[in-house]
Amino acid sequence: MMFDKILVANRGEVALRVMRAARELGVKTVAVYSTEDADTYPVRYADEAVCIGPAQATKSYLVIPSIIAAAKNTGAQAIHPGYGFLAENAEFARACVDNDIVFIGPDAECIERMGDKSSARETMKACGVPTVPGSDGCIDTVEEARAFADRVGYPVLIKATAGGGGKGMREVHDPADLESQYKAARAEAGAAFGNDGVYLEKLVLRPRHVEVQVLADNHGNHISLCERDCSVQRRHQKLIEEAPSPALTDELRRAMGVAAIKAVRAVDYRNAGTIEFLLDESGHFYFMEMNTRVQVEHPVSEQITGVDIIKEQLRIAAGEPMSCASRAPFTPFGHAMEFRINAEDPDHGFRPCPGTITRFEPPSGPGVRVESYVRSGSRISPYYDSMVAKLIVYGQDREEVLARGRRALDEFVIEGIATTLPFHRRVLDNQVFCDGQACTDFIETQMGDLL
Ligand code: MV4
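Residues numbered from 1 in each chain as written. Predicted model: local features only at pLDDT ≥ 70, side-chain atom pairs only at ≥ 80, totals over all residues. Heavy atoms only, no water.

Draft legend 1. Looking closely at the site of the ligand. Within the structure, the ligand sits among 16 residues, and Lys159, Glu201, Lys202, Val204 and Glu289 are positioned closest to it. Within the backbone of valine 204, one N or O atom sits 2.8 Å away from a nitrogen atom of the ligand. Isolated, the ligand exposes 530 Å² of accessible area, and the fraction of that covered by the protein chains is 88%. Mapped onto the shell around the ligand, the elements with two or more residues apiece are β6 (156-160), β8 (198-202) and β13 (285-291). Looking at side-chain class alone, the shell around the ligand contains seven nonpolar, five polar and four charged residues. (Near = heavy atom within 4 Å. Polar contact = N/O pair within 3.5 Å; in protein donor to acceptor, adjacent residues only side chain to side chain. Areas by Shrake-Rupley, 256 points an atom, 1.4 Å probe, with all protein chains shown as cover. Helix = DSSP H or I, 4+ residues; strand = E, 2+ residues; numbered from the N terminus. Nonpolar A, V, L, I, M, F, W, Y, C, P; charged D, E, K, R; others polar.)

Draft legend 2. Broad picture of the packing of aromatic side chains. For the coordinates displayed, the defined rule picks out ten aromatic pairs. A centroid spacing of 5.3 Å and a plane angle of 75° characterise the contact between phenylalanine 350 and phenylalanine 423, whose relative ring orientation is edge-to-face. Taken together, the residues phenylalanine 350 in the loop between β15 (344-345) and β16 (351-352) and phenylalanine 423 in helix α13 (residues 421-427) connect sequence positions 73 residues apart. By way of ring pairs, the aromatic residues Tyr61, Phe85, Tyr383 and Tyr384 are connected into one cluster. Above the face of the tyrosine 45 ring, arginine 23 is positioned so that its terminal group lies 4.2 Å from the ring centre. When the ring centre of phenylalanine 433 is taken as origin, the NZ or CZ atom of arginine 398, which lies over that ring, is 5.2 Å away. (Phe/Tyr/Trp six-rings, centres within 6.5 Å; stacked < 30°, edge-to-face > 60°. Lys NZ or Arg CZ within 6 Å of the ring centre and 35° of its normal.)

Draft legend 3. Summary view of the domain arrangement of the protein chain. Assigned domains of the protein chain: these are domain 1 (5-104), domain 2 (133-202) and domain 3 (208-450). The C-alpha-based centres of domain 1 and domain 2 are spaced at 37 Å. (Domains from an automatic or database assignment.)

Draft legend 4. Looking closely at the layout of surface pockets. The volume enclosed by the second largest pocket comes to roughly 340 Å³. As for the second largest pocket, its lining consists of 19 residues, and the residues nearest its centre are Ser224, Arg253, Arg254, Pro329 and Phe330. Secondary-structure elements contributing two or more residues to the lining of the second largest pocket are β10 (222-234) and α9 (250-266). A per-class count over the lining of the second largest pocket returns eleven nonpolar, four polar and four charged. (1 Å grid on protein atoms, 1.4 Å probe; cavity = no way out; pocket = protein on both sides within 12 Å on 5 of 7 lines; lining within 4 Å. Points joined across faces, edges and corners; volume = space filled by probe spheres on them.)

Draft legend 5. The sheet that holds strand β14 (residues 335-342), seen in detail. Taking strand neighbours across the sheet as the criterion, the eight strands line up as β13-β12-β9-β10-β11-β14-β21-β19 in an open arrangement whose pairing is antiparallel. A single partner strand is all that each edge strand has here, and the edge strands are β13 and β19 (368-372). Strand-to-strand twist of the sheet, defined as the mean angle between neighbouring strand axes without regard to direction, takes the value 25°. The pairing of β10 with strand β11 (residues 237-243) spans four bridges and is classified as antiparallel. Bridging across to β11, valine 232 finds its partner in isoleucine 240. Across the sheet, helix α10 (residues 298-305) touches β9 (208-216), β10, β11, β14, β19 and β21 (387-395), and the angle it forms with β14 is around 155°. (Pairing = 2+ DSSP bridges. Axes fitted to C-alpha atoms, helices over the stretch in contact; angles between N-to-C directions. Contact = heavy atoms within 4.5 Å.)

Draft legend 6. Inspection of the side chain of lysine 311 at higher detail. As for its placement among the helices and strands, lysine 311 is situated in helix α11 (residues 309-317). Beyond its immediate sequence surroundings of up to four residues, lysine 311 is in contact with Ala21, Glu24 and Leu25.

Draft legend 7. Focus on the nonpolar core. The biggest cluster of nonpolar side chains holds 76 residues, and the ones touching the most others in it are Ile6, Leu215, Val388 and Phe433. It is helix α1 (residues 12-24) that contributes the most residues to this core, seven residues altogether. The residues that make up this core include at least three from each of domain 1 (5-104) and domain 3 (208-450). Judged by nonpolar contacts, the second largest core, of 27 residues, contains Val32, Ile67, Leu86 and Ala90. (Core = buried A, V, L, I, M, F, W, Y, C linked by side-chain atoms within 4.5 Å. Buried < 20%, exposed > 50% of the residue type's maximum accessible area, 1.4 Å probe, protein only.)

Draft legend 8. Highlighting the packing of helix α3 (residues 64-74) against helix α4 (residues 90-98). Interhelical geometry of α3 versus α4 gives an angle of 30° and a closest axis separation of 11 Å. By the criterion of interaxial angle, the relationship of α3 to α4 is roughly parallel. Once α3 is placed against α4, the crossing between them reads as right-handed. Counted together, Ile64, Ile67 and Ile68 of α3 and Glu91, Phe92, Ala95 and Cys96 of α4 form the full contact between these two elements. Considered class by class, the residues forming the contact of α3 with α4 number six nonpolar, no polar and one charged. (Parallel < 35°, antiparallel > 145°, perpendicular 65-115°, else oblique. Left-handed = near helix turned anticlockwise from the far one by under 90°.)

Draft legend 9. Quick peek at the environment of proline 346. Tracing the sequence through the fold places proline 346 in the loop between β15 and β16. On the basis of relative accessible area, proline 346 is assigned to the buried category, the value being 1%. Between the C-alpha atom of proline 346 and that of aspartate 177, which follows or precedes it by 169 residues, the distance is 33 Å.

Draft legend 10. A look at the sheet that holds strand β4 (residues 78-80). In space, the five strands of this open sheet follow the order β3-β2-β1-β4-β5, with parallel pairing throughout. Strand pairing shows two members of the sheet lacking a second neighbour, β3 (48-53) and β5 (102-103), which therefore form its edges. Bridge count for strand β2 (residues 28-34) against β3 is five bridges, and the pairing is parallel. Bridge pairing links alanine 31 to alanine 49 in β3. Contacting β1 (5-8), β2, β3 and β4, α3 runs over the sheet at an angle of about 155° to β3.

Draft legend 11. Representation of unusual backbone geometry within the structure. Going from tyrosine 154 to proline 155, the amide bond is cis rather than trans, its omega being 0°. Within the element layout of this structure, proline 155 appears in the loop between α7 (142-152) and β6. A cis geometry characterises the amide bond from alanine 328 onward to proline 329, with omega recorded as -5°. Inspection of the secondary structure puts proline 329 in the loop between α11 and β14. Despite not being glycine, cysteine 226 has its phi angle at roughly 65°, a positive value. Relative to the assigned elements, cysteine 226 resides in strand β10. Phi at histidine 236 is positive, roughly 65°, even though this residue is not glycine. By the secondary structure assignment, histidine 236 is in the loop between β10 and β11. The exposure class of histidine 236 is partly exposed, given its relative accessible area of 43%.

Encoded structure:
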């Protein structure tokens, strides 16, 4: 049975996105908020709202007992964690279950298994999902690292097992640098995660980041909602995502979908998740990481499949079958692109620019979707991430979407703070991007003049 009431353990655009889905399903919503966010739109939008502490996330959005208490006190039957904060925290998922609250996501075991990157890699390798040639488990000594690198050949990449998102990662191109890079990676991982375990992989040169959106329910349905190409990133922060990937053939798309579903079945995964792959220049793909949450860029998948991923998450968590299973296997319908509009100044190294938005006039018209929690007069807090809005444009093909993106970005007015709007507009004039050729070095190699 669908829930009567859920709590949203997040803020900003994703809190609003989840509450909108809940409202369409007739589910009441509880917002939690820090004192810093008291006057924001998602807090007003919710049927009820509970203050859980001061501005610092470690004293509010990350405090598990406060959030559990808020759910108990309001009679919420389930908690949606959004992305970031506690979304991939196994302890939180367990605390929900221990308090008879449904965690809208996978179970704690799946979060844990995928959170350890070396063991996630082992799991995927064992079930036949392609992985980059790499070490079996963690590498405990420099000698072991050297033996491995000599065997697979340079360049290699040292990765932190507790990492993800690029922290504690070191490339080694020259055997002379192996020892220092190995030690540096361990030290960085230890300081960042309190776990200095590292493993090695052969370095894939000029890869694209292609990730497959999956859904799994308690009724045996495991489906893929095609892929997203997220190759335009800066320091592991995605800036533009699109679906489908301009780099895939139908055959490759099918193969990646099959691999992603294999991965999901292997760990008995439930709810929405993403399998991230590296795609090399010769069209080979390799498992990189699994994200056990809904992601910022989920709307591009929604636009090309017609599936409301958040609503499906609620249905699945409530024990219902997903409503879209009979439409699988999905073939992409048209094209979609998302531009993250951040309060950052692209002309000054993307430095954060919190402050008050004096004028906010989003674009509209055919093929335009704007996901945002801000209004004219909203304040962007320095305490949280700098995302102000997501502009999603969609249309019948990539050409139409590029033109629509230019048009919508030109219409978009944000005054009072610097944003990434002009950066995106320049990307849409770049030939490499327009040709669908951007890989993960795109910003460094193509937008260098702007950085
Ligand atoms: C790699 C790689 C090349 N070869 N693994 C980046 C973060 C983490 N998810 C893994 N990452 C990478 N792993 C091998 N064996 C290159 C990256 C990488 C990257 C991947 C996707 C998108 C942007 C990236 C930027 C730099 C490095």
